[in-house]
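Read off the chains here:
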Amino acid sequence: MDHDNMHNMSPPSSTLASDMMMTMHMTFFWGKNTEVLFSGWPGTSSGMYALSLIVVFLLAVITEWLAHSLTLRCVGSTNRATGIVQTALYTLRIGLSYLVMLAVMSFNGGIFIVAMAGFAVGFFLFGSTAFKKPSDDQKTDKLPPLSSGCV
């Protein structure tokens, strides 16, 4: 095989890869023209961008609700059906967490802000002591653990 003429060859043309790299942001940016979670969504429409902000916000709130759900806490039950339900809800919570993470990886500043706001509102509503009676939880003076696993 003749390798002497390899330096004269032009590199392979990859217009698709270069076009994709031009639209992919690696730093935070502001604007509605972004892609969040799915190719082409929300596109360039302001309404669809607003919808993507609402969806990411709700995903974060639901994630916090699941993280502080009483169903995921160990109440001393060794029932297999309860364990299966806990496992399914835990898996759903982790999946939603990954979806929020992937949405934030769009590097859109608005998406980042609504994700953080969703986690904050979700924690305020479901995890903080603001809406709990002292009898609801024995450990009201501490923040809840980050993991929902039983120890």
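- In the annotation of an unreviewed UniProt entry, the entry for the chain reads Copper transport protein, and the organism field reads Brassica oleracea var. oleracea.
- Per its UniProt entry, the chain bears the Subcellular location (unreviewed entry) comment "Membrane".
- Recorded under Sequence similarities (unreviewed entry), the UniProt text for the chain is reproduced unchanged: "Belongs to the copper transporter (Ctr) (TC 1.A.56) family. SLC31A subfamily."

Comments concerning the overall build of the chain
- Tallying secondary structure elements over the chain gives four helices and two strands in all.
- For the chain, the proportion of its 151 residues judged to be buried stands at 25%.
- Once local pairs closer than 6 in sequence are excluded, the contacts in the chain between residues at least 24 apart make up 60%.

Topic: helix 4 (residues 109-126)
- In a regular helix each residue adds 1.5 Å, so 18 residues correspond to 26 Å; helix 4 covers 26 Å between its end C-alpha atoms and thus fits that length.
- Here helix 4 has its buried residues at Gly109, Gly110, Ile111, Val114, Ala115, Gly118 and Gly122.
- Where helix 4 is buried, its residues touch helix 2 (46-67) and helix 3 (80-104).
- Backbone nitrogen of Gly110 and a side-chain oxygen of the N-cap are separated by 2.9 Å at the start of helix 4; the cap is Asn108.

A closer look at the side chain of Ser106
- Position of Ser106 among the secondary structure elements: in the loop between helix 3 and helix 4.
- Among the polar contacts listed, one links the side chain of Ser106 to the backbone oxygen of Ala103, at a separation of 2.7 Å.
- Excluding anything up to four places from it in sequence, Ser106 contacts Phe29, Thr34, Glu35, Val36 and Ile111.

So, the nonpolar core
- Core analysis: the biggest nonpolar cluster contains 15 residues, and Val36, Leu53, Val56, Val100, Ala103, Ile111 and Ala115 have the highest contact counts within it.
- For this core, the leading source of residues is helix 2, giving six residues.
- Residues within four places of Val56 in sequence aside, it is in contact with Val36, Val100, Ala103, Ile111, Val114 and Ala115.

With respect to the UniProt feature "transmembrane region" (unreviewed entry) in the chain
- UniProt records the feature "transmembrane region" (unreviewed entry) for residues 47-67, 88-105 and 111-131 in the present numbering.
- End C-alpha to end C-alpha, residues 47-67 measures 30 Å, and it is 100% helix and 0% strand.
- With 94% helix and 0% strand, residues 88-105 has end C-alpha atoms that lie 26 Å from one another.

A short note on the packing of helix 2 against helix 3
- At a closest axis distance of 9 Å, the pairing of helix 2 and helix 3 adopts a crossing angle of 150°. Where helix 2 crosses over helix 3, the handedness of that crossing is left-handed. Contact with helix 2, carried on its side by Val56, Leu59, Ala60, Ile62, Thr63, Leu66 and Ala67, involves Leu89, Leu92, Arg93, Leu96, Ser97, Leu99, Val100 and Ala103 of helix 3 and no other residues of that element.

A look at the confidence of the model for the chain
- On average, residues of the chain carry a pLDDT of 77, and 68% of them reach 70 or more.
- Across residues 16-22, confidence stays below pLDDT 50; counting only partners more than four residues off in sequence or on other chains, it has zero contacts.

Looking at unusual backbone geometry
- The phi dihedral of Phe107 falls on the positive side, at around 65°, and the residue is not glycine.
- As for its position among the elements, Phe107 is in the loop between helix 3 and helix 4.
- Look at Phe107 and you get partly exposed, because its relative accessible area is 22%.

So, how was this worked out
Residues numbered from 1 in each chain as written. Predicted model: local features only at pLDDT ≥ 70, side-chain atom pairs only at ≥ 80, totals over all residues. Heavy atoms only, no water. UniProt positions renumbered as here; feature names shortened; annotations may be inferred. Helix = DSSP H or I, 4+ residues; strand = E, 2+ residues; numbered from the N terminus. Buried < 20%, exposed > 50% of the residue type's maximum accessible area, 1.4 Å probe, protein only. Contact = heavy atoms within 4.5 Å. Expected span 1.5 Å × (residues − 1). Polar contact = N/O pair within 3.5 Å; in protein donor to acceptor, adjacent residues only side chain to side chain. Core = buried A, V, L, I, M, F, W, Y, C linked by side-chain atoms within 4.5 Å. Axes fitted to C-alpha atoms, helices over the stretch in contact; angles between N-to-C directions. Left-handed = near helix turned anticlockwise from the far one by under 90°. pLDDT = per-residue confidence, 0-100.

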